[in-house]
Amino acid sequence: MTGLDDVRRRAEADARSRGYFLNPNPEYLRDLLEGLLENEERYDYPSCPCRMASGVFDLDRDIVCPCDYRDPDVEEFGSCYCCLYMDAETHESGRTRPIPERRPVEKQLAAYGVEGEEQPAKEGVPEVEVPSVERRLMYCRVCGYTVFRDEPPYVCPICRAKREMFSEISPSLIFRTK
Amino acid sequence: MTTKRVEGERRNHKVFVYALSTCGWCKKTKQFLRDNGVEYEYMDVDTGKMDEKRAAIERLRAKGAPLAFPVVIVDDNKIISGFKQDAIKEALGL
């Protein structure tokens, strides 16, 4: 079972691998890590503690920590939405601030079935028919990383190429090998 | 999911906070209100069932509030999105 120390180690390792830092305020950091742990226990995946997850993985995929929006937010504002991850400058200055939500409203509305059909509910995790997500096969033209999801990531998680470097793989494509 | 009330000596405004139980900014917001002795009600939306979450989202949408937490609503009409101390102070006359 995952414990708070595991969550902390995972976040530290992830921050290191990207050249980021974790929030320097020990209490605030602990709150966020506890939130991540809580969500992992609730949903089986560590969704963002500062966003409301639906409990349906396919609809929450973009907000599983580290979320799709972390890298562009750190680049633009110096920290991620939660202020869990930050760049060196923000870490040193300790000046953190709430930053605007980058996650599209449509994604949130889809996740809660707002403007959609009525769905039955169950404690915590919804027992619902998963609204279909149109998935496509895409690959990073820089490093070849391949994803099967509704849209390309903001940044390639392997080589950090921007999302414009992703191309769709057409199912009609024929791959030849020698 | 229940609405909880936090007692305080400042009761001249009606303050309601839509929050998440896991969210750091939401905790800071609640703490700030407590530290200033503001009486407020709050709802940890993430602890609710799916239909309750959806109802909360629809209420926020109806008020024109952004779907980001925390949302502080003062006197049913002033909406403060995120932990913005200055905006909260101004709205509550702190």
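This is a predicted model, so every value here is computed, not measured.

Engineer: Sorry if this is basic, but what is going on with the packing of helix α2 (residues 26–43) of chain A against helix α1 (residues 24–35) of chain B here?
Structural biologist: Helix-helix packing is characterised by the crossing angle of the two axes and by the distance between the axes. Axis separation between α2 of chain A and α1 of chain B bottoms out at 9 Å; the angle between their running directions is 125°. Comparing their axes, α1 of chain B and α2 of chain A come out oblique. Of α1 of chain B, the residues touching α2 of chain A (which contributes Tyr28, Asp31 and Leu32 of chain A) are Gly24, Trp25, Lys27 and Lys28 of chain B. Residues belonging to the contact of α2 of chain A with α1 of chain B are distributed by class as follows: 3 nonpolar, 1 polar and 3 charged.

Engineer: Whenever I open this one, the pattern of salt bridges confuses me. Can you help?
Structural biologist: Opposite charge on two side chains permits them to pair, given that their charged atoms come into close proximity. Residues and elements named next belong to chain A. Summed over all chains, the structure comprises 25 salt bridges over all chains. The partner of Arg51 in a salt bridge is Glu101, and the shortest N-O contact between them spans 2.8 Å. Within this pair, whereas Arg51 is found in the loop between α2 and α3 (57–60), its partner Glu101 is found in the loop between α5 (88–93) and α6 (105–112), the two being separated by 50 residues in sequence. With a relative accessible area of 22%, Glu101 lands in the partly exposed category. The salt bridge partner of Arg163 is Glu151, with a shortest N-O separation of 3.7 Å. With Arg163 in the loop between β4 (146–149) and β5 (166–168) and Glu151 in the loop between β4 and β5, this pair connects stretches of sequence that are 12 residues apart. By relative accessible area, which is 23% here, Arg163 ends up partly exposed. Note on Glu151: relative accessible area 26%, which makes it partly exposed.

Engineer: Help me understand the sheet that holds strand β3 (residues 136–140) of chain A in this model?
Structural biologist: Strands pair in a sheet through their backbones, by hydrogen bonds, and they do so in one of two ways: parallel or antiparallel. All names here are of chain A. The strand order β4-β3-β5 describes an open sheet built from 3 strands, whose pairing is antiparallel. A strand with exactly one partner marks an edge of an open sheet, and here the two such strands are β4 and β5. Neighbouring strand axes in the sheet, compared pairwise and without regard to direction, differ in orientation by 30° on average. Where β3 and β5 come together, 3 bridges link them in antiparallel fashion. What sits directly across from Met138, in β5, is Glu168.

Engineer: Which parts of the structure should I look at to understand the pairing of strand β4 (residues 71–74) of chain B?
Structural biologist: Here is the key point about a regular strand: its side chains alternate between the two faces of the sheet. All names here are of chain B. By the alternation rule, side chains of β4 split into Val71 and Ile73 and Val72 and Val74, which are all buried. Of the strand pairs in this sheet, strand β2 (residues 15–19) and β4 are connected by 4 bridges, and their pairing is antiparallel. The residue bridging Val17 from the neighbouring strand is Val72, located in β4. Two elements, β4 and strand β5 (residues 78–81), share 4 bridges in a ladder whose sense is antiparallel. Each bridged residue has a counterpart across the sheet, and for Val71 the counterpart in β5 is Ser81. Between the end of β4 and the start of β5, which pair antiparallel, lie 3 residues, with Asp75 showing a positive phi angle near 50°.

Analysis parameters
Residues numbered from 1 in each chain as written. Chains lettered and ligands numbered in written order. Predicted model: local features only at pLDDT ≥ 70, side-chain atom pairs only at ≥ 80, totals over all residues. Heavy atoms only, no water. Axes fitted to C-alpha atoms, helices over the stretch in contact; angles between N-to-C directions. Helix = DSSP H or I, 4+ residues; strand = E, 2+ residues; numbered from the N terminus. Parallel < 35°, antiparallel > 145°, perpendicular 65-115°, else oblique. Contact = heavy atoms within 4.5 Å. Nonpolar A, V, L, I, M, F, W, Y, C, P; charged D, E, K, R; others polar. Salt bridge = Lys/Arg side-chain N within 4 Å of Asp/Glu carboxyl O. Buried < 20%, exposed > 50% of the residue type's maximum accessible area, 1.4 Å probe, protein only. Pairing = 2+ DSSP bridges.

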